[in-house]
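# Geometric and topological summary
Listed below are the residues making up each chain.
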Amino acid sequence: MSDTRRRVKVYTLNEDRQWDDRGTGHVSSTYVERLKGMSLLVRAESDGSLLLESKINANTAYQKQQDTLIVWSEAENYDLALSFQEKAGCDEIWEKICQVQGKDPSVEVTQDLIDESEEDRFEEMPETSHLIDLPTCELDKLEEIADLVTSVLSSPIRREKLALALENEGYIKKLLQLFQTCENLDNSEGLHHLYEIIRGILFLNKATLFEVMFSDECIMDVVGCLEYDPAIAQPKSHREFLTKTAKFKEVIPITDSELRQKIHQTYRVQYIQDIILPTPSVFEENFLSTLTSFIFFNKVEIVSMLQEDEKFLSEVFAQLTDEATDDDKRRELVNFFKEFCAFSQTLQPQSRDAFFKTLANLGILPALEIVMGMDDLQVRCAATDIFSYLVEFSPSMVRDFVMQEAQQSDDDILLINVVIEQMICDADPELGGAVQLMGLLRTLIDPENMLATANVRKCKWKTEKSEFLNFFYNHSMHVLTAPLLANTSEDKVEKDAVIGSDSSTICPDNFQTAQLLALILELLTFCVEHHTYHIKNYIMNKDLLRRVLILMNSKHTFLALCALRFMRRIIGLKDEFYNRYIIKGNLFEPVINALLDNGTRYNLLNSAIIELFEFIRVEDIKSLTVHIVDNFYKSLETIEYVQTFKGLQTKYEQEKDRQNQKLNSNRFRRDARALEDDEDMWFNEDEDEEGEAVVSPVEKSKSEDEFPESYEKFMETKKAKESEDKENLPKRTTGGGFKFTFSHSGSTANGANNSHNKSVAAQTPPAGSNGSASKNANLNATSTTPKGSLVGLVDYPDDDDDEEEDTSPRKRPRLGS
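Residues numbered from 1 in each chain as written. Predicted model: local features only at pLDDT ≥ 70, side-chain atom pairs only at ≥ 80, totals over all residues. Heavy atoms only, no water.

## Quick look at the overall build of the protein
For the record, the criterion: Only DSSP runs of H or I covering at least 4 residues are called helices, and only runs of E covering at least 2 are called strands; the numbering of each starts at the N terminus. Using a 1.4 Å probe on the protein chains alone, a residue whose accessible area is under 20% of its type maximum counts as buried, one over 50% counts as exposed, and one in between counts as partly exposed. Residues are treated as being in contact if the distance between any of their heavy atoms lies within 4.5 Å. Reported accessibility uses the Shrake-Rupley method at a 1.4 Å probe radius. Residues are deemed covered only where the shown protein chains occlude them.
When helices and strands are counted, the protein shows 37 helices and seven strands. Relative to its 817 residues, the protein shows a buried fraction of 49%. Here the contacts in the protein between residues at least 6 apart in sequence split such that 70% fall between residues at least 24 apart. Accessible surface, the protein: about 39,700 Å² in total, of which carbon and sulfur atoms supply 46%.

## Topic: the pairing of strand 2 (residues 19-32)
For clarity, the threshold we go by: Pairing between strands is defined by DSSP: at least two bridges between the two strands are required.
Of the pairings in the sheet, the one linking strand 1 (residues 7-13) to strand 2 comprises seven bridges and is antiparallel in character. Within the sheet, the bridge partner assigned to V10 lies in strand 2 and is G23. Examined bridge by bridge, strand 2 and strand 3 (residues 37-44) share eight bridges and lie antiparallel to one another. What sits directly across from S29, in strand 3, is L40.

## Topic: the environment of L291
Examined against the element boundaries, L291 turns out to sit in helix 11 (residues 289-308). With relative accessibility at 0%, the residue L291 sits in the buried group. Taking the C-alpha atoms as reference, L291 lies 7.7 Å from F210; in sequence the two are 81 residues apart. Excluding residues within four positions of it along the chain, L291 makes contact with N205, F210, F214, V269, Q273 and L277.

## Observations concerning the side chain of Q265
Among the structural elements, Q265 can be located in helix 10 (residues 257-276). Setting aside chain neighbours within four positions, we find Q265 in contact with F214, S215, F294 and N298.

## Here's the deal with the environment of L204
Here L204 shows up in the loop between helix 6 (188-203) and helix 7 (207-213). Judged by its relative accessible area of 4%, L204 is buried. In this structure, the C-alpha to C-alpha distance between L204 and A163, residues 41 residues apart in sequence, is 6.8 Å. If we skip the residues at most four places from it in the chain, L204 touches V152, L153, R159, L162, A163, L166 and L209.

## Focus on unusual backbone geometry
The residue N205 is not glycine, and still its phi comes out positive at about 65°. Inspection of the secondary structure puts N205 in the loop between helix 6 and helix 7. Assessed through its relative accessible area of 15%, N205 is described here as buried. Positioned with a positive phi, K574 is a non-glycine residue whose angle comes to about 55°. Here K574 lies in the loop between helix 27 (557-572) and helix 28 (576-584). Residue classification places K574 among the partly exposed residues on the basis of a relative accessible area of 41%.

## Considerations on helix 14 (residues 349-362)
Put simply, the test is: Multiplying one less than the number of residues by 1.5 Å gives the expected span of a helix. Regarding the arc, it is the one traced by the directions from the helix axis to the C-beta atoms.
Its 14 residues give helix 14 an end-to-end C-alpha distance of 20 Å, which sits within 8% of 20 Å, the value for a rise of 1.5 Å per residue. Along helix 14, the positions that sit buried rather than exposed are F355, F356 and L359. The buried residues of helix 14 occupy one face: seen down the axis, they fall within an arc of 90°. Among the exposed residues of helix 14, those pointing more than 90 degrees away from its buried face are Q350, K357 and N361. In the segment just after helix 14, G363 is the residue with positive phi, at about 100°.

## A word on helix 12 (residues 310-321)
Here helix 12 spans 17 Å end to end across 12 residues, near enough to the 16 Å set by a 1.5 Å rise per residue. Turning to helix 12, its buried residues are F312, L313, V316, F317 and L320. Each buried residue of helix 12 lies within a common arc of 130° when the element is viewed along its axis, so the set occupies one face. Exposed positions of helix 12 whose direction lies more than 90 degrees from the buried face are E310 and K311. At its buried positions, helix 12 is contacted by helix 11, helix 13 (327-344), helix 14 and helix 15 (364-371).

Given below as structure tokens:
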């Protein structure tokens, strides 16, 4: 197989200044006797023919661009380029070129962009001949001028000469006077030539020329020239847009005329770069680098001038938070701050820090808290963008504000709760705003982010972590989980239950609600991974996993997968505290229901569920293995297209044998009562394996089924749509599907679910490898397992009792039958 690192495309520049592809091959650097020096050779990958043979001359200017491109000129009108498939190959050849020329490979250009012979001629010429002789600026010379400007673009030294000539002779203003003449005369040919001329002058990439072209006197005529692209039939209307459509709004009158002029100029130049000029090709990316820098430094200057005007910013904040400010004015103020923050991204880190500290001191966060709760969608969207800039700049600053605010305000009006409620109540069907806000919330509650922002004392991040997470779980977590708890409550389930359905746990299947619940679950899954005991206590207090697993019944597979992923992350921690909670609550039941309901379909849900059980098998999580085999194996043993469940049973038997051997080898056998006492002690031990104390239960500031009023109102607006959805809720099985009776009672979180033990049969089994009829199966779904089953490590009574319970099994056909 060929080395892809050295795979290149060879390009040459044609007379029309377009790059022609000469073929694809593999490049090497080797000594060529005929050329008397190290050379670049490219052989075609199709037939091995020679595509390129070029000696690396000591004085040739080679340029490295975009990490995978090397460009150079071998003659006045013969430019070459090698475009590499991989950066590594480009770096190797670049090192060879630099080695021949005695240059450091870190440079991007090996020589000044003037070859030696041209430089010698340049020095021999008299001073005045350094410049290019420009044709007289007349209408009948426009074609000649356009040809001249176009021809110099391939030669760096000729570009420099032309730029100097244009600057010294005030030529640009004369050209723009001709433009006005051509437009008055409706001289389309002259206008097309002027387009080529002005575009070519822009590609000279000289800041001194930009200062002239973008001055108040000239810029609109420059835009006018660029309207007459000869490639299009009708000229564009850029000037009309800039003068009539795009209105400059001063939210607060700007008294500094220089600042106002700089803002106008920056907007127009940005428009020229983004809208008028065509996107430069890969070989022209540096042609407009100075234009990009021109815009960049303009923005820096604007931000600096506004930041220094404390009176201006103070007045903006005062009007933004004033209740008397009308909606249109407030919208303009918020949009101003949005653009202001966007401009700030051009600042150097130190200046950007000072900028955001100025905004913080002026009260940007309290102001955002007010505008984010407003009804105006545009205002909320702009406020969200501003908030994202602040969170990206300093999550700690936002966290500090929120915690200080909590000492003086109710939970409902805290900034972070306003953000959560905006996420919950996003009216966009695609939940675009909710996705953005969820990302910001994740940044705020990320402990790694807290660690990264701490720079005062080693222990500061720990203080911030503990304080903020305690605050978040006490004051905000109930707001985040409100939609989840509301949509999985017993009242909700009973109200939404479909008459005649086998399932008593139908959950809302409105698509937008499902998307919202999926976002919330994604955030909760993040908490499981990063918050250890805070989320653990919350899950136990709210019996949260049981509520989440109700969503396994949703017709939206993505939501069922989110619920499964939440459980998978919990099991992935291999925390026996969680394991005991799952066992006591019989929480594998809805997962296995979903697997059996999925039937013969080989899809993502099937794979994800099997992966969960495979993880338990591979990691040998003994307590879960015993629970699964004791309670569910009779319904899973027919699944033979994977060895996961047989493997679990094997692990179960091996552990059972090991425990029996251990007991038999012990000469001083204790009685059964002593064994049970030991097991009880093991279960009642505090979880402190990592030296981490389990904190006290989270304060229940709101009841389990109580949720923010804003969410309730939002849900009411969709009542008619949801009623329509409910009429068409799908039944996951047809004709009496196999379902466990899955109780979602919160009481089972702290004890066995004895009152809901039922045995039911499945209509469609998972896939079997041979397609024959399966064994009879009856699933004992009780969550009260024998002591030995719960622990799985102490004692195993005979299996006779289990077999006696399964005296009336129901037939389940194998998959494929």
